[in-house]
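Understanding the architecture of this molecule
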Amino acid sequence: MSIDSTKPPAAPEGDDYLERRSLRRGSAGWLLLTGLGVAYVVSGDFSGWNFGLAEGGFGGLAIAMVLMGLMYTCMVFALAELSSILPTAGGGYGFARRALGPWGGFLTGTAILIEYVLAPAAISIFIGDYVESLGLFGLTSGWPVYLACFVIFIGIHLWGVGEALRFSFVVTGIAVLALLVFAVGAFPDFDASNLDDIPVDESAFGASSWLPLGLLGIWAAFPFGMWFFLGVEGVPLAAEETKDPARTLPKAIRWSMGILVFLALLTFFAAAGARGSNAIQGAGNPLVEALQPDGEATALSRIVNYAGLAGLVASFFSLIYAGSRQLFALSRAGYLPRFLSLTSSRKAPYLGLLVPGAIGFALAAATGNGARMLNVAVFGATISYALMSLSHIVLRRREPGLERPYRTPGGVLTSSVALVLACSALVATFLVDVTAAVIALAVYVVAVAYFGLYSRKHLVAKAPEEEFAALAAAEAELERN
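Residues numbered from 1 in each chain as written. Predicted model: local features only at pLDDT ≥ 70, side-chain atom pairs only at ≥ 80, totals over all residues. Heavy atoms only, no water.

Once that is clear, we can look at the overall build of the protein. The secondary structure content of the protein amounts to 17 helices and zero strands. Within the protein, contacts between residues at least 6 apart in sequence are counted, and of these 83% link residues at least 24 apart. Surface summary for the protein: the accessible area is close to 18,000 Å², and the carbon and sulfur share equals 67%. (Helix = DSSP H or I, 4+ residues; strand = E, 2+ residues; numbered from the N terminus. Contact = heavy atoms within 4.5 Å. Areas by Shrake-Rupley, 256 points an atom, 1.4 Å probe, with all protein chains shown as cover.)

Our focus in this paragraph is the packing of helix 4 (residues 92-134) against helix 13 (residues 350-367). Close contact between helix 4 and helix 13 brings their axes to 8 Å; oriented N to C, the two are set at 50 degrees. Our classification of the angle between helix 4 and helix 13 gives oblique. Note on packing geometry: the crossing formed by helix 4 with helix 13 is right-handed. Taken together, the residues of helix 13 that come into contact with helix 4 (itself represented by Val117, Leu118, Ala121, Ser124 and Ile125) are Pro356, Ile359, Gly360, Leu363 and Ala364. A class-by-class count of the residues in the contact of helix 4 with helix 13 yields eight nonpolar, two polar and no charged. (Axes fitted to C-alpha atoms, helices over the stretch in contact; angles between N-to-C directions. Parallel < 35°, antiparallel > 145°, perpendicular 65-115°, else oblique. Left-handed = near helix turned anticlockwise from the far one by under 90°. Nonpolar A, V, L, I, M, F, W, Y, C, P; charged D, E, K, R; others polar.)

A few words now on the side chain of Ser389. The residue Ser389 is located in helix 14 (residues 370-398) in this model. Setting aside chain neighbours within four positions, we find Ser389 in contact with Met75, Ser415, Ala418 and Leu419.

Okay, helix 3 (residues 51-85) next. Under the 1.5 Å per step criterion, the end-to-end length of helix 3 is only 38 Å for 35 residues, more than 12% shorter than the ideal 51 Å. Maximum bend of helix 3: about 105 degrees, positioned at Gly57. Most of helix 3 is tucked away, with 26 of its 35 residues classed as buried. (Expected span 1.5 Å × (residues − 1). Bend = angle between axes of the 7 residues up to and from the residue. Buried < 20%, exposed > 50% of the residue type's maximum accessible area, 1.4 Å probe, protein only.)

This paragraph deals with the environment of Phe150. For Phe150, the location among the structural elements is in helix 5 (residues 143-159). The class for Phe150 is buried, based on a relative accessible area of 4%. As for Phe150 and Ala121, which are separated by 29 residues in sequence, their C-alpha atoms are 9.0 Å apart. Each residue touching Phe150, except ones within four places of it in the same chain, is listed here: Pro120, Ala121, Ser124, Gly155, Phe316, Ile320, Gly357, Gly360 and Phe361.

Applying the stated criterion to the full structure yields six salt bridges. Between Glu81 and Arg396 there is a salt bridge, with its nearest N and O atoms 2.8 Å apart. Taken together, the residues Glu81 in helix 3 and Arg396 in helix 14 connect sequence positions 315 residues apart. Residue Arg404 is joined to Glu81 by a salt bridge in which the shortest nitrogen-to-oxygen separation is 2.9 Å. Of the two residues, Arg404 is situated in the loop between helix 14 and helix 15 (412-432) and Glu81 in helix 3; the sequence distance between them amounts to 323 residues. (Salt bridge = Lys/Arg side-chain N within 4 Å of Asp/Glu carboxyl O.)

Residue position: Phe153 is located in helix 5. Exposure remark for Phe153: the relative accessible area of 11% places this residue in the buried category. Residues Phe153 and Phe317, 164 residues apart in the sequence, show an inter-C-alpha distance of 6.2 Å. Not counting residues up to four positions away in its chain, the partners in contact with Phe153 are Phe167, Val313, Phe316 and Phe317.

All right, on to the nonpolar core then. Counting 151 residues, the largest nonpolar core has Tyr72 and Tyr385 as the members making the most contacts within it. Once residues within four sequence positions are removed from consideration, Tyr72 is found in contact with Met226, Phe229, Leu230, Val232, Glu233, Met257 and Tyr385. (Core = buried A, V, L, I, M, F, W, Y, C linked by side-chain atoms within 4.5 Å.)

This part is about helix 9 (residues 245-275). In a regular helix each residue adds 1.5 Å, so 31 residues correspond to 45 Å; helix 9 covers 44 Å between its end C-alpha atoms and thus fits that length. Remark: Gly276 follows helix 9 within two positions and exhibits a positive phi of approximately 115 degrees.

A word on the environment of Lys462. Along the chain, Lys462 turns up in the loop between helix 16 (434-453) and helix 17 (464-480). By relative accessible area, which is 25% here, Lys462 ends up partly exposed. Considered as a pair, Lys462 and Arg332 are 130 residues apart in the sequence and their alpha carbons are 9.0 Å apart.

Take a look at the structure:
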């Protein structure tokens, strides 16, 4: 049963409503989309994950990474099926709208939007830190660098989706190549004794050299295990700009996840084994730290340092894309103000790019706290993961005869594993940063109030996600009669 089984009122709209809100069709094939999936995530290989060592030690973070990798793998298989059924720009929101009704769709879309607005803001701060540490143009980390990031890269997106995805593909390729070069340089210094060198907290339950913070450290490391994969679920947001989405999206999602699992294992073991978990657990640039044990920069560490900047740019750029498409879809269907879904002559959702960009820049400039914003993004992400996994289960149970060009291996068992692990990760965010979780909840409450009091009464019947839902309701009515 859906969260809201009543039919929402349809808002009036002109004949040109969707024409003024259309994206460029057929701009991306599976290779560009695979690059997009990796781009969402690749910055997490260069920094951020290592803070999980301080929460759970090598063993705790390793187990967390495996469990979170399992969660993402199960979830992307479920999303591959859902995206073959509903290939619209709404992505996760569209899936939840079909399975859980308007409320479920809005709650999922809002959670995704929180992730994709906050994450670029955080990454712009990290880019500023890299620019300052590298001494580029004599700049220091601050609002001019953040502003330049948003202006330049939003400008490329406004140029067109094909150009944007090709740019992202090239930058992502540079970052991935650098990770491979890093591993080649780090593994000759690998020493297994470096992995578990963090001092043991004897008071922690179940503490050992592999779990220096005890068994609870595994759970606390969940959000950091996610950083190796956070964002890959955004691939379906490109559905309306994809060639043959029912076939292309599942293929791109599977390839993206396979590449990310390989990069996660390579990076994690090479960095911790070369320098030691204790040395890199608090480093802002753990890969560079792993390559210069005496603190002196080498040619290889400089290359990896510059490539880390490329990785941050790739993720920043692609997350802006994802946020704009999620906002576009929610706005087009009336869940958010409809003017936000207007597109330009080049079929780019210009307000969907400019408004989140302005918010992200303001947050970055005002707070300068990238870690806090990333924790807020993770909180929103875990809510969306739970709801998207639930959507797969509901649609399998309620609409077993629905045409599915791609079917999830393992069916509801696969998505059930993702659901349980997503709920566990959601609770784990409170162990890491209670303030971030409370901030995310406050934003959620405001959004829910807006939807409950206003926008749910002004949904747009012509929007693809609403048409899918109306068709499903009509078919169900015919079956009952």
